[in-house]
Every structure is written in structure tokens, then in C-alpha cells.
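Summary of the model geometry
Listed below, chain by chain, are the residues.
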Amino acid sequence: MIGLFKVKEKQREEAKNTNSRGASVKKQSAGELRLHKDITELNLPESCTISFPNGKNDLMNFEVTIKPDEGYYKNGKFVFTFQVSSVYPHEAPKVKCITKVYHPNIDLEGNVCLNILREDWKPVLNINTVIYGLFHLFTEPNYEDPLNHDAAAVLKTNPKQFETNVRRAMGGGYVGNTSFPRCI
Amino acid sequence: MADLEAPQSKSRDLDKLLLRAGNLVGPDFYPGTEVKALISQLSIVSSSFSDFVIRLLSLRVLVVGAGGLGCELLKDLALSGFRNLDVIDMDRIEVTNLNRQFLFRLEDVGKPKAEIAAKRVMERVSGVEIVPHFSRIEDKELEFYNNFNIIALGLDSIEARRYINGVACGFLEYDEDDTPRRETIKPMVDGGTEGFKGHARVIVPGVTPCFECTIWLFPPQVKFPLCTLAETPRNAAHCIEYAHLIKWHEVHGGKSFDPDEPEHMKWVYDEAVKRAELFGIPGVTYSLTQGVVKNIIPAIASTNAIISAACALETLKIVSGCSKTLANYLTYNGGEGLHTKVTEFVRDKDCLVCGPGILIELDTSVTLQKFIDMLEEHPKLLLSKASVKHGKDSLYMQAPPVLEEMHRPNLSKSLYDLMGRVQKDTVHVFGTALKNEEKQSSLTKLRVVFKGADGVADMDTAIGA
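About the criteria used
- Position numbers for residues count from 1 along each chain, tracking the sequence in the order it is written.
- Chains and ligands are labelled sequentially in the order written, the chains with letters from A and the ligands with numbers from 1.
- Predicted model: local features are reported for residues with pLDDT of at least 70 only, side-chain atom pairs are reported and counted for 80 or more only, and whole-chain, interface and lining totals are derived from all residues.
- The basis for every side-chain value is the complete set of non-hydrogen atoms in the structure, without hydrogens or water.
- UniProt positions are given in the numbering used here, feature names are shortened, and annotations may be inferred rather than shown by experiment.
- Cavity and pocket criteria rest on a 1 Å grid covering protein atoms alone: a 1.4 Å probe that fits but cannot get out defines a cavity, protein on both sides within 12 Å along at least 5 of 7 lines defines an open pocket, and an atom within 4 Å of a point defines a lining residue.
- Grid points are joined across faces, edges and corners, and a volume is the space filled by probe spheres set on the points.
- The way it works is that DSSP assigns letters per residue, a run of H or I at least four long becomes a helix, a run of E at least two long becomes a strand, and they are numbered from the N terminus.
- Each helix should span, by expectation, one fewer than its residue count multiplied by 1.5 Å.
- Fitted lines through C-alpha atoms give the axes, limited to the stretch in contact for helices. The angle between two N-to-C directions lies from 0 to 180 degrees.
- Orientation categories follow fixed angle ranges, with anything under 35 degrees roughly parallel, anything over 145 roughly antiparallel, 65 to 115 roughly perpendicular, and all other angles oblique.
- If you view the pair so one helix is near and one far, a crossing is left-handed when the near helix is turned anticlockwise from the far one by less than a right angle, and right-handed when it is turned clockwise.
- By the convention used here, residues are in contact when the closest approach between their heavy atoms is within 4.5 Å.
- Only protein chains enter the accessibility calculation, which uses a 1.4 Å probe. A residue is then buried if its area is under 20% of the maximum for its type, exposed if over 50%, and partly exposed in between.
- The term salt bridge refers to a pairing of a side-chain nitrogen on Lys or Arg with a carboxyl oxygen on Asp or Glu at a separation within 4 Å.
- Residues grouped as a nonpolar core are buried Ala, Val, Leu, Ile, Met, Phe, Trp, Tyr and Cys residues, joined through side-chain atoms within 4.5 Å.

- The name given to chain B in an unreviewed UniProt entry is NEDD8-activating enzyme E1 catalytic subunit, with Eutrema salsugineum as the source organism.
- Within the UniProt record for chain B, the comment given under Sequence similarities (unreviewed entry) is "Belongs to the ubiquitin-activating E1 family. UBA3 subfamily."

- An unreviewed UniProt entry lists chain A under the name UBC core domain-containing protein, from Eutrema salsugineum.
- Recorded under Function (unreviewed entry), the UniProt text for chain A is reproduced unchanged: "Accepts the ubiquitin-like protein NEDD8/RUB1 from the ECR1-AXR1 E1 complex and catalyzes its covalent attachment to other proteins."

Structure, rendered in C-alpha cells:
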């Protein structure tokens, strides 16, 4: 291995002498590469759109808008923020719903209970799977994994009432003491 | 015994390794005082040393991290005869470090780890020069890392390892025949511990697997489902995570939680206690709260010592060639009995970080559009609908439409200009490749060389002609 350093010194001296025009040293970020690939391969239903509020130089933070075309939330418009860390895909993206929504699996702070975002995340999953997972929450809200306890209880015991509540919330009204912004 | 009259050399044991030939030595090993001087940078430069040894007196080792492993590493390297060390760490000393980070004292709490660690080792080991860097690893210029011959890692996160690995592999260059150029290899020795378990590995980029080649080795972090936290907490950790992940944002809105802020931690602890009382769950303590929130696994001093010893020895071997290095991944488990094993992992030859990539020669006039068209014809690639990324910059993205549009103006520009007019550099391309007559999603590294760029290029062919 001494040889290894020997040549290195030689090269360093050469580099000093000639005005080297070699590669600028660049760190390679494998996480970012994988994310860019995920993004170009997105295959989203028409009801989901992606946007990049920080422009093309920051793809690690983006927004996904979901407009369900069926189910309780039909015609609503819900915006999610995605934060992808440099450890991606070893770690799941951090996802929040920034539209306040009356939903059994999304709390009023925008936390989302979706298994693949936490306990079931695997590096083979990708952004597309996450968006489909979110989409699925609107077509099939599920009272068994509640984050909004009240909404889950209503969905379980009285689906008709739940539907009314969802409509009222999306129209910009109150459900119980909580007001919701209009998102329809 | 025979040495009773001769003064005991501090490096007596080291001498046995470095001054004598042996059967297990590496191919480049030349025993003698030169190699010892090389490592320990003898302050008196003997006139008998060859030029190359004198030049090598600038051999430098960087220790990344001055925590549990870092303290051990600095001490071990200093006592192994290394005289010229640097250490980088962004953290300050906390009371809870003192049980194992033995270079620190109670009065050091609050001071930068790197500075105190360097000072303490220099006080105890004569002749060693340690330069501390109280800094984030990401805040150093990439060229900073090129000053070192070898990098020893005592880190506790995948993120930091991935960063350093990316930097070290970024220096690696390949010849036309995909052989790594030795002078561009930046070896790393990586240690890691978790309770009674640990690993030590030798990463020689281009020769042994890099961190990215084997990233799958790391188990995923345990994460509790949010709904369990919100609805059916069953243990103390659930109560703490509820306070940390849900309650904090509910009460503090946009203010982000800072795990290094004691007031924030206290707040989470108090909330977790309330939650635990509500559900009749025992076991929430302040230290458990810190442990769960910061994802701390109890550190065992002797695990650190064992792993660090292995790392220091490998560093010595890489530098001196006095023995073959570990090939290439040692695991240590002291939890159930004691078990160590060395596994020789293999490189991912298509690794996006350390792999050679595919060599492509281009004229400086080639536009990005032309380049993308060429990728489709290239026999090794057959890549259609390619997107192109150069370092941090994406040059072109085929989709989604909103990004395609933002990048479209680049298509008519020359790739040479887009890449900052360098003679050669790496780009990554991704799209749909035709492999075995099947279309597959593909992500590939390319080494682009521009023909006739700025005179310095084509040196080899110029000599041949």
C-alpha cells in the first residue's frame, strides 16, 4: 500500500505543475439520484398531481395534490408535502397533509397513518407507491387505524353520518367544534 | 529480557511489525525504518531517507467523529505511531458521554468534542500532532478530505457514513480499461457499535465494496405506526413517541422540535408521563425519553474499544503494508457469548458511487439533445427516454411535464458547457433500457471524456503519436 501513496504524491506534484483540467470533485448522492429516478418514473392517476414549489433545484421537497374522483371525498382537493432525506430510500419520505381534513387516518395536524410511511417502509418501495397509498386512503378510509378518533368512530357506527360530516367539512363548515377550510 | 540495558523503545511492539519481513505481509511491504518513519513522521528527518519517504512525511489520517469510537480511535492511532492526525466532530460534550468517552472530564461539558479530544491525546502521547475541526462534515470543502491519505470513521449514523463514502469515492478515477487509478484511491476504515454488537470494515474504493454497495446491510429503523401511538399505546416508548411526534405539533404548531434543547426534551418527557398515567403504562423516564427520541442505543465502552482496536490495526496495515488487511467486513457480537466473523462482501460492479461506469468520449460540441440520442444507440446502454444528472444538477428530466419544461432549454446547449467545461466528469443517466430484449428501468453511471478539450486532454494519445 505504500506504493499507493507513492504514486499519489507523484500525481499531486504533477497536478501542481500542470494546470489540471480534470474533473471537478463532486460528491455523489445516491439518495438524490434514486429520488430523481423515482420522480421521472411516476405513473400517477389523473387525480394526482405533483409540483415543485422550490423549483428544479430542489426536488427533495415537493407537493402532491390529490383530487379523489370517487368515494366520500370525491371532488375534494388535498395537498400533501413530501420531505425526502439524503438517506432515502433507506428511510421513508416524511409526508404531511397540509389541507385540514376530516378523515379517520389523518389527524387535524396533518399526520398521516399509512403503514408504508412508517413501520412497513422498505427501500424497494418508491414515491409512486406512497402516492397510491395516500390516494387509497381517500377511496377507502379505514376506521381500524384511527388518527382522528372521532371521525373513525362515526365511520364505523354510522357511515351515512360520516358521509354528511365529510361533505360538511369539505364545504368549509364545522364538524363538532372543529372548523375546516373549503377544499372542494 | 535481553534488552534490559538498552532503553525501552516506546514503539518496541510496533518495531516488530514494521522492521521485520514476514510471511503474511502485503505485496508492497518493505520492512525497515523508512516505513516506520513514514507512519510516525519522525521529527528528525534522516538524510538517509529516500526522497519518497521524505515526501511521505506528510502522511495524514483523518478521524471522523470524536465520540465513543472516535476517542478510542485517536488514542489507538496515536499509540500506534501515527503522528499527524486530524479529527472532525460537530458535537459538544454532554454529561452522559463521560462514562465511555474517556478523554473528557466533567469540566469539559459543553466544549467541542474534537478540540478536547485532540488536546487530551496530545497531552498524553508525546510527539503526536492532532488538528481538531469543530465542524459538520458537510461544511468542509470536498478538497479538505483530499488532504488525507486515509479516513477512519467512528460514526453513529448511516447518513454521515453515506456522505463520507460519497466524498471519498468522488476522488476515485478509472483508466480506460476500467482499472481504478491507484493514486486516486482514498481508503476508509469504518467502525460502528450498537450495544454489545459492532463492526469494522475496510473500504478501498474501486477494490472492495463501498458503503453504498452494501447499504442493504443496515437494518431498517424500528418505527411505530402512528395510529398505535394515537390510539393503543402499549409501552413506554409508544407514550414517548406520541408526545414527540403528535402532541408536540398539536401544541407548538410550526415550531420544530429540537432534541438537543433540554426544555423541549423535558416537555416531551412530561407529556409522555401524562400519557403513560392515562393508559396505566409504567416505565417512562427522562433518560428513556432521550433514548427513544434520539434513537440512542446504550453504548458499551468495551465494544467501542474492541472495534476501535480493529480499525486502528487495519489503518496501520493499509498504510504500512505490514500485513494483509481485513477482507473486508468484521462483525463482533458480545451479547450472547462472544462471536466474531469476517465476511468478504463483493463489490456491486454497477455501483453508482464507486463503480467505474461506462466510458463515453464526446466532442465538446455535442448538445445535450444529441447526447441523449446517442445513449439510445450506445450498445452497452440502449437507453431510451434518458434523463441526465451531473452531480447536484439535473441537466434534463423526461418527466413529469412540469420538470421537463423547466429543463427543456438545456437540450440545445452543449453538454461540455452544461458540465462546467471540464475535460472529464461523471454523469448519471436514467430511463428505459433494453436488456435481453426486455425493457427495464435503468440508472447508470457514465464517465464522460471530452476530446480535445483545452490542450491538457489527450496527453496519452499525444505521446503515442
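**What to know about empty space enclosed by the protein**
All names here are of chain A.
- Tallied over the full model, the rule gives two cavities of 30 Å³ or more.
- Of the volumes computed, that of the largest cavity is approximately 40 Å³.
- Around the largest cavity, the lining residues are Tyr-73, Phe-78, Lys-100, Val-101, Tyr-102, Val-166, Ala-169, Met-170, Phe-180, Pro-181 and Cys-183.
- Considering each element in turn, the lining of the largest cavity owes the most residues, three residues, to helix H5 (residues 159–170).

**Re helix H12 (residues 301–320) of chain B**
- Given a rise of 1.5 Å per residue, 20 residues ought to cover 28 Å, and the 28 Å separating the end C-alpha atoms of H12(B) matches this to within 8%.
- At the exit of H12(B) stands Gly321(B), carrying a positive phi of roughly 75 degrees.

**A short note on the packing of helix H9 (residues 236–252) of chain B against helix H10 (residues 262–279) of chain B**
Residue and element names in this part refer to chain B.
- It is at 8 Å that the axes of H9 and H10 come closest, and there the two elements cross at 115 degrees. As summarised for this structure, H9 and H10 are arranged roughly perpendicular, according to the angle between their axes. Helix-helix and strand crossings are classified by hand; for H9 and H10 the assignment is right-handed. Note on element contacts: H10 touches H9 through His-264, Trp-267, Val-268, Glu-271, Ala-272, Arg-275 and Ala-276, opposite Cys-239, Ile-240, Tyr-242, Ala-243, His-244, Lys-247, Trp-248, Val-251 and His-252.

**As for the UniProt feature "active site" (unreviewed entry) in chain B**
- Mapped onto this structure's residue numbering, the UniProt feature "active site" (unreviewed entry) falls at Cys227(B).
- Along the chain, Cys227(B) turns up in helix H8 (residues 226–231).
- Residue classification places Cys227(B) among the buried positions, given a relative accessible area of 7%.
- Residues in contact with Cys227(B), not counting those within four places in the same chain, are Cys113(A), Asp145(A), Pro146(A), Leu147(A) and Thr232(B).

**A look at the environment of His238(B)**
Residues and elements named next belong to chain B.
- The topology assignment puts His-238 in helix H9.
- Residue class for His-238 comes out buried when judged on its relative accessible area of 3%.
- When the C-alpha positions of His-238 and Val-292 are compared, they lie 9.3 Å apart, and in sequence the two are 54 residues distant.
- In this view, His-238 contacts Phe-224, Thr-228, Leu-229 and Pro-233; residues no more than four positions away in its chain are not counted.

**A closer look at the environment of Val64(A)**
All names here are of chain A.
- Of note, Val-64 is situated in strand E2 (residues 61–66).
- You can call Val-64 buried: its relative accessible area is 0%.
- As a C-alpha pair, Val-64 and Ile-131 span 67 residues in sequence and 7.8 Å in three-dimensional space.
- With residues up to four places along the chain from it excluded, the contact list for Val-64 reads Thr-49, Ile-50, Phe-78, Val-79, Phe-80, Phe-82 and Ile-131.

**Considering the UniProt feature "active site" (unreviewed entry) in chain A**
- UniProt records the feature "active site" (unreviewed entry) at Cys113(A), using the numbering of this structure.
- A residue is classified by how much of its surface remains accessible, and Cys113(A), at 9% relative accessible area, is buried.
- Sequence-distant contacts of Cys113(A), that is, excluding residues within four places in its chain, are made with Asn105(A), Leu137(A), Asp145(A), Leu147(A), Leu226(B) and Cys227(B).

**Focus: the pattern of salt bridges**
Residues and elements named next belong to chain B.
- A full pass over the atoms with the stated rule returns 27 salt bridges over all chains.
- Between Arg-161 and Asp-190 there is a salt bridge whose closest N-O contact spans 2.8 Å. Linking Arg-161 in helix H7 (residues 158–170) with Asp-190 in strand E5 (residues 188–194), this pair joins segments that are 29 residues apart in sequence.
- Across the salt bridge formed by Lys-349 and Asp-350, the nearest N and O atoms sit 3.7 Å from each other.
- Residue Asp-350 is classed as exposed on the basis of its relative accessible area of 55%.
- Each of the salt bridges in this network shares a partner with another, and the network as a whole consists of Glu-173, Asp-175, Arg-181, Glu-183 and Lys-424.

**Describing the nonpolar core**
Residues and elements named next belong to chain A.
- Residues Phe-62, Phe-80, Phe-82, Tyr-102, Val-112, Ile-127 and Leu-134 are the most contacted members of the largest nonpolar core, which totals 48 residues.
- Of all the secondary structure elements, the ones that give two or more residues to this core are helix H2 (30–40), strand E1 (48–51), E2, strand E3 (78–83), strand E4 (94–97), helix H3 (127–139), helix H4 (149–157) and H5.
- It is H3 that contributes the most residues to this core, seven residues altogether.
- Those residues in contact with Ile-127 that sit more than four places away from it in its chain are Leu-35, Asp-38, Leu-42, Phe-62, Phe-82, Val-84, Tyr-88 and Pro-93.

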